[in-house]
Amino acid sequence: MARLTEAALDTAELAGKHLVLGLSGGIACYKIAELTRLLVKAGATVQIVMTEAATQFITPVTMQALSGRPVYTSQWDARIANNMAHIDLSREADAIVIAPASTDFIAKLAHGNCDDLLSTLCVARDCPLLVVPAMNRQMWQNPATQRNVAQLRADGVQVLGPDSGAQACGEVGDGRMLEPSATFEAICAFFQPKILQGRRVLITAGPTFEPLDPVRGITNRSSGKMGFALARAAAQAGADVHLVAGPVALETPWGVYREDVQTAQQMHDAVLHATADTDIFIAVAAVADWRVDHASEHKIKKTADHAMPTFTFIENPDILATVARLPNPPYCVGFAAESGNLEVHGEEKRARKNVPLLIGNLGPLTFGLDDNEVVLFEASGITRLPRADKKLLARLLIAEIAKRAPRGGSLLS
Ligand code: C5P
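The rules behind these values
Residues numbered from 1 in each chain as written. Predicted model: local features only at pLDDT ≥ 70, side-chain atom pairs only at ≥ 80, totals over all residues. Heavy atoms only, no water. Helix = DSSP H or I, 4+ residues; strand = E, 2+ residues; numbered from the N terminus. Buried < 20%, exposed > 50% of the residue type's maximum accessible area, 1.4 Å probe, protein only. Contact = heavy atoms within 4.5 Å. Areas by Shrake-Rupley, 256 points an atom, 1.4 Å probe, with all protein chains shown as cover. Phe/Tyr/Trp six-rings, centres within 6.5 Å; stacked < 30°, edge-to-face > 60°. Lys NZ or Arg CZ within 6 Å of the ring centre and 35° of its normal. Expected span 1.5 Å × (residues − 1). 1 Å grid on protein atoms, 1.4 Å probe; cavity = no way out; pocket = protein on both sides within 12 Å on 5 of 7 lines; lining within 4 Å. Points joined across faces, edges and corners; volume = space filled by probe spheres on them. Nonpolar A, V, L, I, M, F, W, Y, C, P; charged D, E, K, R; others polar. Domains from an automatic or database assignment.

As annotated in an unreviewed UniProt entry, the protein is Coenzyme A biosynthesis bifunctional protein CoaBC from Caballeronia sordidicola.

Dropping the structure here:
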């Protein structure tokens, strides 16, 4: 049995990454306190550089406390031994992130102006530049801003956002800065290799809910965490991700298109509707095997003689097996949770469902937990992966799937 290395499973998402986080002037500076906290918590080292205007909105003292490093605001800061702050501060950086990026700062970047430390540092950089715009909707829509943003994109700068919604000035529209959590997700995604660029990935996740009557139903303990983690990892790897989710209380991962369903039949219909546009189908959902034939239209009442209700069950369609048997199927990946003898049942299930790859959960206790341990079953044999947090395990699984899924056409298994 092959075994993959545990070294790949560093628990901190941004461990080893050094970021220069540059603040230009705008009310969205308040969001950078939280963004800094998220980046530091994820293992990044964060060097804050602020424009003079940014210090009007949030103090360098706050940013120093949150980043744990001295904050730089001036080109003439004598703390850097050779007085070359504009060069030295970025040389160790894996990326410079400008957040918030004001209208004026974007204009400066587009024209290569260098009239303060932050703008000079950006022009002198030898690492990627990410900008997170934040401004009033009219300022965003202004043709000059749009020209400048197009110029930045053409220069290879990553533009994250902006978001749409209520603005500090009371107006509503495009231009507000992405929330700190979305900015954090976009930065994490930036660092992931784009091994699924241009691929279309369809994922089912969570349980299904099969009604007995309008208020009751049958479901299971699937939390959806593994499927959502795979959707996030696939999107971070550059895929176009469509997530069909049963009833779960989870946030939609950054950049993922989500479709909510309740029943197995609805999940089946949503999946079959989407398969023509799919390169890779990953069935993670814990789909109910049966549903009640003719769920009651009204709430089932207790009776005076305590008679128990009786239900007739009918089998739900097997979504994965149905997709795998289509004439021109996407590359299909199944999951299996067994209560025992996984090594026998896993391979048997893979062959029966006619899929090239089946991922078996080791142990029946994975539902709702944050970590998991899995085994890959395929015709050529078995590969065991180390126990890991579901988010990191998802990244490993996406790498394994990307290696196997053929490019430029589907796979007839
Ligand atoms: O047969 P079993 O439920 O153990 O198979 C599990 C795998 O098949 C999972 O990938 C699950 O998402 C998928 N499945 C499905 N439709 C069903 C039952 C299971 O897609 N009705």
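(A) Representation of the overall build of the protein within the structure. Broken down by element type, the protein carries 13 helices and 22 strands. By principal-axis analysis of the C-alpha atoms, the protein measures approximately 80 × 55 × 40 Å. Taken over 413 residues, the protein has a buried fraction of 50%. Considering only contacts within the protein whose residues lie at least 6 apart along the sequence, 68% involve residues at least 24 apart. Total accessible area computed for the protein in this model is approximately 19200 Å², and 53% of it derives from carbon and sulfur atoms.

(B) Spotlight on the packing of aromatic side chains. Under the counting rule described, the total for this entry stands at 1 aromatic pair. Positioned above the aromatic ring of Y72 is the side chain of R79, whose terminal nitrogen or guanidinium carbon lies 4.4 Å from the ring centre.

(C) View of helix α1 (residues 29-41). An ideal rise of 1.5 Å per residue puts 18 Å on 13 residues; α1 measures up with 19 Å between its terminal C-alpha atoms. Every buried residue belonging to α1 is among C29, K31, I32, A33, L35, T36, L38 and L39, and all of these are buried. Looking at the buried positions of α1, the neighbouring elements they touch are β2 (18-23), β3 (45-50), α2 (60-67), β4 (95-101), β8 (172-176) and α8 (180-191). Trailing α1 by a residue or two, G43 shows a phi angle of about 100°, which is positive.

(D) The layout of surface pockets, seen in detail. Looking at the largest pocket, its volume works out to about 940 Å³. Taken together, 41 residues form the lining of the largest pocket, with A285, A286, V287, D289 and F335 sitting closest to its centre. Its residues assigned to classes, the lining of the largest pocket shows 19 nonpolar, 13 polar and 9 charged. Computed from the structure, the second largest pocket encloses a volume of approximately 810 Å³. Lining the second largest pocket are 24 residues, and of these E13, F184, E185, R232 and K391 lie nearest its centre. For the lining of the second largest pocket, the elements supplying multiple residues, two or more each, are α1, α8, α9 (225-236) and α13 (390-404). Counting the residues that make up the lining of the second largest pocket, at least three belong to each of domain 1 (16-191) and domain 2 (200-294 + 313-404).

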